[in-house]
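Coordinate inspection notes
One-letter residues, chain by chain:
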Amino acid sequence: MEALCRPDKTHWCDGSEAEKDLLTREAVSTGEITILDQKKLPGCVYHRSDPQDVARTEDLTFICTRSKEDAGPTNHWMSPADAYGKLGEIFKDSMKGRTMYVVPFVMGPIGSPHAKIGVQITDSIYVVLNNRIMTRMGKAALESLGSSGEFTRCLHGKADLNPKRRFICHFPEDNTIWSVGSNYGGNALLGKKCLALRIGSYLGKKEGWLAEHMLILGIEDPAGKFHYVAAAFPSQCGKTNLAMLVPPAAFRGYKVWTVGDDIAWLRVGKDGTLRAVNPEAGFFGVAPGTNKTSNPNALATIQKNTIFTNVLLKPDKTVWWEGLEAPPAEGGINWRGEAWTPASKEKGAHPNSRFTAPAGQCPSISPHWEDPEGVPISAIIFGGRRASLAPLVYETLSWAHGTYVGATIASETTSAATGKTGVVRRDPMAMLPFCGYHMGDYFAHWLEMGDKIQRPPKIFHVDWFRTDEEGNYLWPGFGENLRVLLWMIGRVEGTAKARKTAIGYVPETGSLDLSGFSLRPGALETLFKVDRGAWLKEIESQNEFFDKIGDRLPQAMKREQSKLKERLERDGA
Ligand code: OXD
Ligand code: MN
């Protein structure tokens, strides 16, 4: 890699505090990062990205398998030879005048049977400092690897940050990732989406486990009994908020514990339960909208040792973003690096601006978040953002039915450009941009996993985002979502009553605890109504997606769909 990229020097990262200080000083001297007020925000720094490099770029993300068919119809594909050739040209001499950092890292608790090792080469101090928070990196990782272990080879370079020369390429057959031309988290912190999801999902298929785009949380009841749930939602559906939920006043005796907010690795445990670990060591959360009410635990987490990216920098060297609190009267410098006041048209913080913070700092972090065997999962939740159709919550009928429900989740978009609202994007298991192989084979793998789990979790579907005709939310969400989680746990324990409908089990009237709480008249009825006509249309629309998957779609998926259709036609709701 040195011969290819020709850095001026190479630095092997040990992960020490002294190294962090050295790199921070160096990045400050070049303007790559700014130190924030160390009294108010100890250990915190600020970074601004190139304005053309502020989000993941799915169009420039490729799965490079020898056979195109193996990447499947939902991924962009490039042949490994073309990809190594094309990116090799861009990497050539790209680190001249720069330092190459070698970052050994572990995803998952060190020593856990779930853990995987990677080594990321990068020319970005910002990336090293982020990886320091998001992974277990440095000496411990190198020791864990030993002299002969297997690891994912990750090469990252900023090159000239030109979007025309930006490629995020995965070579699952070589256990390799090459990413060039972007310094944005999801494209550049290669342990996260690239390793923990795309390469991870491929390894999971090969080795018999699942890498999922799921948060993990624990619920402790007043008697001290624990249940853990894993939940998949498309990006920007509030996973971090749900993972750090604060129980509402009526449920003070309950505690919600955070295990992870974005990714879960799931394996069958020795006790026959499905066990989950969070492969990450930090949170890379969306800043806008995070505040004392929406997510007090996140706010507490980011008071120290945090990297803020693309938020508003205030003159007193603290930070602000839309939805944090009232806009600062004194203004500041916005995410583009321009002077900003509350009267400015441009936003202060980019809508995808982020905080990177150590998970261990979260007040709700689970005492079991680093358990090597993972936590036992009682329930899996799939959800999307749709204004109508699915009830607030329903329980699926079996693992196969749950797999079908997960495979067909969707979110609606608001498209300012086309003026079209409510465009449905299918996002199977919230993995559309993250599955590293053929989506049909992925569904088959889910079905096979179901046969291996002796004590499988129940699978549920939720939609927190249902609205009335005027577009008002029918359900308040946030902390109140605990009511729905408790109904699920009641179902797992056999104590919560349900009504069987064509789509699955919905809460029996009175079985969802609504104490100390009121919804608008009629809201509850709408939230639990199963509209037969709408579901039959939904099936039609799922078929467009299933057709795209083609002949690797497992028969069981179509079978589950036909059974749903029959149930709808037979008994309506
Ligand atoms: C995402 C993220 O885009 O977690 O899903 O950043
Ligand atoms: Mn995510």
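Criteria and thresholds
- Residues numbered from 1 in each chain as written.
- Chains lettered and ligands numbered in written order.
- Predicted model: local features only at pLDDT ≥ 70, side-chain atom pairs only at ≥ 80, totals over all residues.
- Heavy atoms only, no water.
- Helix = DSSP H or I, 4+ residues; strand = E, 2+ residues; numbered from the N terminus.
- Rg over C-alpha atoms; globule rule 2.2 N^0.38 Å.
- Buried < 20%, exposed > 50% of the residue type's maximum accessible area, 1.4 Å probe, protein only.
- Lys, Arg positive; Asp, Glu negative; His and termini not counted.
- Charge placed at Lys NZ, Arg CZ, Asp CG, Glu CD.
- Pairing = 2+ DSSP bridges.
- Contact = heavy atoms within 4.5 Å.
- Near = heavy atom within 4 Å.
- Polar contact = N/O pair within 3.5 Å; in protein donor to acceptor, adjacent residues only side chain to side chain.
- Areas by Shrake-Rupley, 256 points an atom, 1.4 Å probe, with all protein chains shown as cover.
- Nonpolar A, V, L, I, M, F, W, Y, C, P; charged D, E, K, R; others polar.
- Expected span 1.5 Å × (residues − 1).
- Bend = angle between axes of the 7 residues up to and from the residue.
- Axes fitted to C-alpha atoms, helices over the stretch in contact; angles between N-to-C directions.
- Parallel < 35°, antiparallel > 145°, perpendicular 65-115°, else oblique.
- Phe/Tyr/Trp six-rings, centres within 6.5 Å; stacked < 30°, edge-to-face > 60°.
- Salt bridge = Lys/Arg side-chain N within 4 Å of Asp/Glu carboxyl O.

1. Overview of the overall build of the protein
When helices and strands are counted, the protein shows 16 helices and 31 strands. Since a compact globule built from 573 residues should have a radius of gyration of about 25 Å, the 23 Å found for the protein is in line with a globular shape. Reported as C-alpha extents along the three principal axes, the dimensions of the protein are approximately 70 × 55 × 50 Å. The 573 residues of the protein split such that 58% are buried. Taking the average location of the 69 positive side-chain charges in the protein and that of its 66 negative ones, the two points are 1 Å from each other.

2. As for the sheet that holds strand β18 (residues 282-286)
Spatially, five strands are ordered β2-β3-β19-β24-β18 in an open sheet, and the strand pairing comes out mixed. In this open sheet, the two strands that pair with only one neighbour each are β2 (34-35) and β18. As paired elements, strand β3 (residues 45-47) and strand β19 (residues 307-309) share three bridges and run parallel to each other. Directly across from H47, in β19, lies its bridge partner T309.

3. Regarding the environment of Q542
Assignment of secondary structure puts Q542 in helix α15 (residues 532-549). Residues Q542 and I409, 133 residues apart in the sequence, show an inter-C-alpha distance of 9.3 Å. Once residues within four sequence positions are removed from consideration, Q542 is found in contact with Y404, T408, R426 and Q561.

4. Observations concerning the site of ligand 1
In the vicinity of ligand 1, the contacting residues are R56, K193, H213, S235, D262, R354 and F434. In this structure, R56 approaches ligand 1 through a side-chain N or O atom, which is 2.9 Å from an oxygen atom. For ligand 1, an oxygen atom lies 3.2 Å from a polar atom in the side chain of H213. Notes on ligand 1: free accessible area 210 Å², of which the protein chains cover 89%. Of the residues assigned to the shell around ligand 1, the class counts are one nonpolar, two polar and four charged.

5. Considerations on helix α8 (residues 191-207)
A rise of 1.5 Å per residue sets the reference length of α8, with its 17 residues, at 24 Å; its end C-alpha atoms lie only 19 Å apart and thus fall more than 12% short of the reference. The sharpest bend along α8 comes to roughly 45°, located at G200. When you tally the buried positions in α8, you get 14 out of 17 residues, the bulk of the element. Remark: G208 follows α8 within two positions and exhibits a positive phi of approximately 85°.

6. Quick look at the packing of helix α11 (residues 399-407) against helix α16 (residues 555-571)
Following both chains from N to C, one finds α11 and α16 inclined at 95°, their axes separated by 9 Å at the closest point. One way to sum up the angle between α11 and α16 is to call them roughly perpendicular. The residues of α16 that touch α11, namely those facing A400, H401, T403, Y404 and A407, are M557, E560, Q561, L564 and R567.

7. Re the packing of aromatic side chains
Evaluation of the coordinates by the stated rule reveals 22 aromatic pairs. Plain terms: the ring middles of F308 and W321 are 6.0 Å apart, the flat faces sit at 25° to each other, and that makes the pair stacked. With F308 in strand β19 and W321 in the loop between β21 (319-320) and β22 (332-333), the pair connects residues that are 13 residues apart, well separated along the chain. Side by side, F308 and W321 carry an identical accessibility label, which is buried.

8. Remarks on the pattern of salt bridges
In this structure the tally under the stated criterion is 33 salt bridges. Put simply, R552 and E69 hold a salt bridge, and the shortest N to O gap is 3.4 Å. Of the two residues, R552 is situated in the loop between α15 and α16 and E69 in helix α3 (residues 68-71); the sequence distance between them amounts to 483 residues. With a closest N to O distance of 3.1 Å, D468 and R520 form a salt bridge. Separated by 52 residues along the polypeptide, D468 in the loop between β29 (458-462) and α13 (481-493) and R520 in the loop between β31 (505-507) and α14 (523-528) bring together distant segments of the chain.

9. Brief notes about helix α12 (residues 439-452)
One turn of an α-helix holds 3.6 residues; hence residues three or four places apart share an orientation. For α12, with 14 residues, the first-to-last C-alpha span of 20 Å sits near the 20 Å given by 1.5 Å per residue. Regarding α12, the residues found buried are M439, G440, Y442, F443, H445, W446, L447, M449 and G450.

10. Some remarks on the pairing of strand β16 (residues 264-268)
Judged from the three bridges that link them, strand β12 (residues 210-212) and β16 form a sheet pairing that is antiparallel. Among the inter-strand pairings, L210 is bridged to a residue of β16, identified as L266. Strand direction decides the pairing type here: β16 and strand β17 (residues 274-277), joined by four bridges, are antiparallel. Bridge pairing in β17 links W265 to V277. Where β16 folds back on β17, the antiparallel hairpin that results is connected by five residues, among which G272 adopts a positive phi of roughly 85°.

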